[in-house]
Structure formats: structure tokens, C-alpha cells
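# Structure assessment
So you can see what is in the structure, the chains are spelled out below.
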Amino acid sequence: MAIDNQLKTFEDQFRPAVNQFLQAHLASDIDQTELATSMQYSVNAGGKRLRPLLTLAVLKTLGQSIGDAQMKSACAVELLHTYSLIHDDLPAMDNDGLRRGKPTNHVKFGPGMATLAGDGLLTLSFQWLVDNELPARTQTALVAELSRLAGPAGMVAGQADDIYFEDQQLDLPRLKKLHRHKTGDLISYSVRAGELIANDFRGQHDLAQFSRAFGLAFQIYDDILDVTSSAQQLGKPVHQDEHKNTYPNLLGLAASSQALSDTIEKGQAALAHFETESQIDSSLLASFFSYFQV
Ligand code: GRG
């Protein structure tokens, strides 16, 4: 499967817009020079911007126009995501030296400043959700949803399972739960954020199914790439997962690829149902599945 043209056109338009927004607005919200350099270093290190792009794609799918308030709320999740990567790379966690093709934040600025850069990005993401022109009830709903899905009942719970069960093999249901929290919940948030910003909940059940399937597929794909790719291709170390709970470690590569295809099919079926029920074109969201080069 090649990258879908529709996804490429969308990314070509909106990834630079996300990058510009992040570059233009980060510095003015930080009041310490070294901290600003450290936070900007990781945010501007060149991630795919998948999560804000998903929010923007839901907004487009629901026929919304994208102004400053929509862009700022959509970019908030990228700040939070970058915090999670900085903290995940710390010596006390995965102790990784390479991220987004560059030395990790703690290698460059030391573990103390890297911890603070993560803390700053986590806090600032919530500030961006309320410091904009959206209606107050929308802002509150976004804050509530992000707290639930990124916090101790969401991504942080997944990360805790990841380190707690590092040398213990989980069965498939518990592995799926780990993946749902660690990776899936922030992706689910990103899709839900589009509905909340648009204040349009047509097909919310199908979009939740889509985002769950996409999130699980994203992590299975990441697990597979850790086994099959080079560090140069990924911009981060590979073969890091040998003691971790991953699909290839539990099921082997062939069954993991099958699980990936099955999960993608489930997500596509949810979007097809969404389109039939709502008469809304779901092809932009469906094009995100072409990210998985299977
Ligand atoms: C530290 C609380 C805390 C959580 C960390 C995100 C995370 C949870 C850990 C990173 C390790 C990992 C493999 C997570 C799975 C999700 C994942 C594949 C993250 C990388 O996201 P991409 O591929 O990265 O979107 P870019 O750099 O493109 O933004």
C-alpha cells in the first residue's frame, strides 16, 4: 500500500501549518531561556505531527474551517505527546539516546532540564486548550478528555504497565490493554478532539471505533518496525523491545502482521459504517491507514 494521494495532499498543506504554529507560539509562553531552548529543541525536532493532523482531519471531515483557535487546540496534543517522548527517553525510563533522528533531550540538556521540558510541555498543552477563542464549554470538554486519556487512567497507566511488566510476558488481552493506554488513548483523544472542537457528534461511536483500531494498528506497526527496520530508517534505536511486551515477542512476526491487517480492516469497516449512516465522506480519515506500509 503506498501513501494515499489524499493523505499526502492533506499532510503537505497541514503539516507545515502545524510546524509553523508550534514554532511561532511556543517561545512566548516560556519564561526561562534554557528551558525554552530545551522545549523548542524537542518540539521542533521534526515529528510526523500525526495527532494534530488527525484532529484537523476530523474537523475537515465534519466540514469545519480551521482558524487560529482550532489550530491552537489541535496543536496542544503535540506538546503533550512531545513531553511523553522526552520522559520516555530519560535514563530512569528507556534511557534512549536518539529520538526523531537527533540526540534525545536529556543527552543534550541533562536529565534535570529534560524532566522540566517535559513538565513544561505537559502543562502548556492544557494552557493552549483554554487560552483560545473557542467557547468555554468546548475548552472544558477538551481539558476533561485530555486529562482522562493522557493521565493515570490513560497514557500514564500504559507507561506504568510497560515498565512494571517489562520482564514478564503478558497475555494478549493484557498486551492489548497496555497498547490501548500507552499509545491508543492519545490517538483516540486526537479524533475525539476534532468532534469536540466542531461540536458535531454525528457518528461518534464509529469514529471512536476507528480511532481505537487506528491506535492499536499504530502500535502493532511500531512493534513490527522495531524488529524489521534500521535505526537510520526510524530515527531512533531499533531492537529495543527484546524484553518488552510487544506483538512480535508474543505472537511472532507473521501473526503480528496478520493482527495488523485485521485491525486495519476493523477501522476501515467503522469508517464505512460512519459514511453510510451520516452520508459524510470519510475518505480523508480512511487515507490515514495508508501510513501502514503492509
Ligand atoms: C512518559 C507518561 C509517559 C508516557 C510515554 C509515548 C510514550 C508513552 C512512550 C514512547 C514510546 C513508544 C514506542 C510509544 C508508543 C507510541 C509511539 C509509537 C510513539 C511515537 O509516536 P510517533 O511515531 O512519533 O508519532 P513522532 O516522532 O513522529 O511524533
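You'll find the structure just up there.
### A short note on the site of the ligand
Taken together, 17 residues surround the ligand, and among them K48, R51, H81, R100 and Q219 come closest. Within the side chain of R100, one N or O atom sits 2.7 Å away from an oxygen atom of the ligand. Burial of the ligand by the surrounding chains reaches 91%, relative to a free accessible area of 700 Å². When residues of the shell around the ligand are traced back to their parent elements, those giving at least two are α4 (68-89), α8 (155-164), α9 (172-198) and α10 (204-228). Among the residues making up the shell around the ligand, the classes are represented as 4 nonpolar, 7 polar and 6 charged.

### Section: the environment of S190
If you trace the backbone, S190 turns up in helix α9. Setting aside chain neighbours within four positions, we find S190 in contact with R51, L54, T55 and V77.

### Looking at the pattern of salt bridges
Note that side chains of opposite charge can pair when their charged atoms are close. The full count for this structure, using the stated rule, is 14 salt bridges. For D12, the salt bridge identified is with K8, shortest N-O distance 2.8 Å. Here K8 and D12 lie together in helix α1 (residues 5-26), a separation of 4 residues that amounts to about one turn. We classify K8 as partly exposed; its relative accessible area is 41%. A salt bridge links R99 to D88, with the nearest nitrogen and oxygen atoms 3.5 Å apart. Of the two residues, R99 is situated in strand β1 (residues 98-99) and D88 in helix α4; the sequence distance between them amounts to 11 residues. Grouping residues by exposure puts R99 and D88 together as buried.

Rules and cut-offs
Residues numbered from 1 in each chain as written. Predicted model: local features only at pLDDT ≥ 70, side-chain atom pairs only at ≥ 80, totals over all residues. Heavy atoms only, no water. Near = heavy atom within 4 Å. Polar contact = N/O pair within 3.5 Å; in protein donor to acceptor, adjacent residues only side chain to side chain. Areas by Shrake-Rupley, 256 points an atom, 1.4 Å probe, with all protein chains shown as cover. Helix = DSSP H or I, 4+ residues; strand = E, 2+ residues; numbered from the N terminus. Nonpolar A, V, L, I, M, F, W, Y, C, P; charged D, E, K, R; others polar. Contact = heavy atoms within 4.5 Å. Salt bridge = Lys/Arg side-chain N within 4 Å of Asp/Glu carboxyl O. Buried < 20%, exposed > 50% of the residue type's maximum accessible area, 1.4 Å probe, protein only.

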